[in-house]
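Residues per chain, in single letters:
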Amino acid sequence: EGALARIQLSQLASVPTDTTAAPMWTLELPVRNEPRTDTWHLRFTQERRGGDIANPDIWSVALAFDLEGLGPVRAFVSVIGEQVSTALWAEENSTVALFDRHLEELRESFHAAGLVVGRVDCRHGAPAEAQPAGTGTRLLDVEA
């Protein structure tokens, strides 16, 4: 029942409102990591800017997960036309160091996929808008 409730909540959060003009899709992805299952939270958004070469749409993916040994991680990937940029935030210093050692591989993978690589970096801490993917739209706002 809890899983179905989360799916319904994600579907409701994806419905455009007056405050969210851009389409947004959210989902939780269970990933088996024996002996446990981790949940990855994803939020996909599209900012429509014309869709032509001079003014391409912006596609973004926000990813949040908390894996044993890495700690909480947030990732944001945006694609504007043929350019991709990625920002990673990790709360553990050892995770930042690990990611930093592999950022060049990520850049090379983007380049091999035919993309122009923009900014790719990893930072310690959490992003300013640190909220789990899928909670960007409030379904109910109650004031006491």
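The shown structure was predicted, so the numbers you read here are calculated from the model rather than taken from an experiment.

Q: Let's hear about the layout of surface pockets: which residues, and what values?
A: Its volume calculated, the largest pocket comes out at about 190 Å³. Around the largest pocket, the lining residues are Ala75, Val77, Thr86, Leu88, Leu98, Phe99, His102, Leu103 and Leu106. Mapped by element, the contributors of at least two residues to the lining of the largest pocket are strand S4 (71-80), strand S5 (83-90) and helix H2 (93-112). No other element matches H2, which puts five residues into the lining of the largest pocket. The residue inventory of the lining of the largest pocket, partitioned by class, reads seven nonpolar, two polar and no charged.

Q: How would you summarise the packing of aromatic side chains if you had to cite specific residues and measurements?
A: With the rule as written, the count across this model stands at three aromatic pairs. Between Trp25 and Trp59, the aromatic rings sit 6.0 Å apart at their centres with planes inclined by 15 degrees, giving stacked as the arrangement. Of this pair, Trp25 sits in strand S1 (residues 24-33) while Trp59 sits in strand S3 (residues 58-67), placing them 34 residues apart in sequence. Seen from their ring centres, Phe76 and Trp89 are 5.5 Å apart, and the 80 degrees between their planes marks the pair as edge-to-face.

Q: Describe the side chain of Asp121, naming the residues involved and giving the relevant values.
A: The topology assignment puts Asp121 in strand S6 (residues 116-124). Asp121 gets classed as buried once you look at its relative accessible area, which sits at 18%. A polar contact of 3.2 Å, which involves the side chain of Asp121, links it to the side chain of Arg119. Once you skip the residues sitting within four places of it in the chain, Asp121 turns out to touch Thr86, Ala87, Leu88 and Leu103.

Q: I'd love a proper account of the confidence of the model for the protein, names of residues and values included.
A: On average, residues of the protein score 81 in pLDDT, and 75% of them are at 70 or above. At the low end of the mean pLDDT range in the protein sits helix H1 (residues 2-13), at 68; at the high end sits H2, at 96. Segment residues 130-144: pLDDT under 50, and 17 contacts once partners within four positions in sequence are set aside and those in other chains are kept.

Q: Residue-level account of the pairing of strand S2 (residues 36-47), with values.
A: Where S1 and S2 come together, ten bridges link them in antiparallel fashion. Residue pairing across strands places Met24 opposite Thr45, the latter belonging to S2. Following S1, the chain reverses through two residues before pairing antiparallel with S2. Pairing geometry for S2 and S3, over seven bridges, is antiparallel. Following the sheet pairing, His41 is matched in S3 by Ala64.

How each quantity is defined
Residues numbered from 1 in each chain as written. Predicted model: local features only at pLDDT ≥ 70, side-chain atom pairs only at ≥ 80, totals over all residues. Heavy atoms only, no water. 1 Å grid on protein atoms, 1.4 Å probe; cavity = no way out; pocket = protein on both sides within 12 Å on 5 of 7 lines; lining within 4 Å. Points joined across faces, edges and corners; volume = space filled by probe spheres on them. Helix = DSSP H or I, 4+ residues; strand = E, 2+ residues; numbered from the N terminus. Nonpolar A, V, L, I, M, F, W, Y, C, P; charged D, E, K, R; others polar. Phe/Tyr/Trp six-rings, centres within 6.5 Å; stacked < 30°, edge-to-face > 60°. Buried < 20%, exposed > 50% of the residue type's maximum accessible area, 1.4 Å probe, protein only. Polar contact = N/O pair within 3.5 Å; in protein donor to acceptor, adjacent residues only side chain to side chain. Contact = heavy atoms within 4.5 Å. pLDDT = per-residue confidence, 0-100. Pairing = 2+ DSSP bridges.

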